Amino acid sequence: MKTSLLAMVVLFTMASCSKDEAPVIEEVNYTIDLNLANETDWAMANEILELVNDHRISKGLTTIKRDQSYASAYAVDHTQYMIEKDKISHDNFGIRSNALKEQGAKIVAENVAYGYSTAADVVNAWLNSAGHRKTIEGHYTHSGFGIIKNSEGAYYFTQLFYKK
């Protein structure tokens, strides 16, 4: 399976014959190719962000800033995964969330979608879904995007939200 997200878990244990065995220490290293962020459809992403921010302003909320680095690299990675699986999902969200928290995020959420052809259509669908709308209206400061067409030309969307 082609994936650029590498979550390496290294476990260190010490063998002991006594009851006072050393605890297992888990070290997690999240790495991502930041160039993945360049694979998103930034024209569509910018339109989505503008619509999301217009909605947030209408509700008296602060606007969200675009993250064209880590959050978008992780969003693209997840969008590629959904295309490979031919289904939308939140699979492995914990990895994306923890990776962004390693970069200073306090809270993380995401919206995903498939098949919409315009920014207005996907944002409208999210706003008409209570859970997606709650994310859009959440206390987030930044957003990353993974917006890619599959081989048939249909868009898959991942929008990651986080608060610094």
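Above this note sits the structure.
Residues numbered from 1 in each chain as written. Predicted model: local features only at pLDDT ≥ 70, side-chain atom pairs only at ≥ 80, totals over all residues. Heavy atoms only, no water.

## Quick notes on the overall build of the chain
Alright, step 1. Helices and strands together make up the secondary structure of the chain, namely five helices and six strands.
Alright, step 2. Ordered by position in the sequence, the α and β elements of the chain form the string β-β-α-β-α-α-β-α-α-β-β.
Alright, step 3. When the 164 residues of the chain are sorted by exposure, 41% land in the buried category.
Alright, step 4. Considering only contacts within the chain whose residues lie at least 6 apart along the sequence, 68% involve residues at least 24 apart.
Alright, step 5. In the form shown here, the chain has an accessible surface area of approximately 9,100 Å², with 50% of it arising from carbon and sulfur atoms. (Helix = DSSP H or I, 4+ residues; strand = E, 2+ residues; numbered from the N terminus. Buried < 20%, exposed > 50% of the residue type's maximum accessible area, 1.4 Å probe, protein only. Contact = heavy atoms within 4.5 Å. Areas by Shrake-Rupley, 256 points an atom, 1.4 Å probe, with all protein chains shown as cover.)

## Some points on the pairing of strand E4 (residues 107-114)
Alright, step 1. For E4, a buried count of six out of eight residues is recorded, marking the element as mostly surrounded by other parts of the structure.
Alright, step 2. Note: E4 against strand E6 (residues 155-163), eight bridges, orientation antiparallel. Each bridged residue has a counterpart across the sheet, and for glutamate 110 the counterpart in E6 is leucine 160. (Pairing = 2+ DSSP bridges.)

## Some words on the pattern of salt bridges
Between side chains of opposite charge, pairing is possible as soon as their charged atoms come close.
Alright, step 1. All told, the structure shown has two salt bridges when counted by the stated rule.
Alright, step 2. Across the salt bridge formed by lysine 87 and aspartate 91, the nearest N and O atoms sit 3.8 Å from each other.
Alright, step 3. Under the relative-accessibility criterion, lysine 87 is labelled partly exposed at 40%.
Alright, step 4. The partner of glutamate 110 in a salt bridge is arginine 96, and the shortest N-O contact between them spans 2.9 Å. Residue glutamate 110 is found in strand E4, and its partner arginine 96 is found in helix H3 (residues 93-102); the two are separated by 14 residues along the sequence.
Alright, step 5. On the basis of relative accessibility, which here comes to 7%, the residue glutamate 110 falls in the buried class.
Alright, step 6. What makes arginine 96 buried here is its relative accessible area of 3%. (Salt bridge = Lys/Arg side-chain N within 4 Å of Asp/Glu carboxyl O.)

## A short note on the packing of aromatic side chains
Alright, step 1. For the structure on display, the rule yields five aromatic pairs.
Alright, step 2. Look at tryptophan 42 and phenylalanine 145: their rings are 6.2 Å apart centre to centre, the planes differ by 80°, and that puts the pair in the edge-to-face class. In this pair, tryptophan 42 sits in helix H1 (residues 42-58) while phenylalanine 145 sits in strand E5 (residues 142-149), placing the two residues 103 residues apart along the sequence.
Alright, step 3. Note on tyrosine 155 and phenylalanine 157: the rings are 5.6 Å apart at their centroids and 35° apart in plane angle, and the pair reads as tilted.
Alright, step 4. Judged by relative accessible area, tyrosine 155 falls into the buried class, the value being 11%.
Alright, step 5. You can call phenylalanine 157 buried: its relative accessible area is 0%.
Alright, step 6. Feature note: the residues Trp126, Tyr155 and Phe157 constitute an aromatic cluster, connected by ring pairs. (Phe/Tyr/Trp six-rings, centres within 6.5 Å; stacked < 30°, edge-to-face > 60°.)

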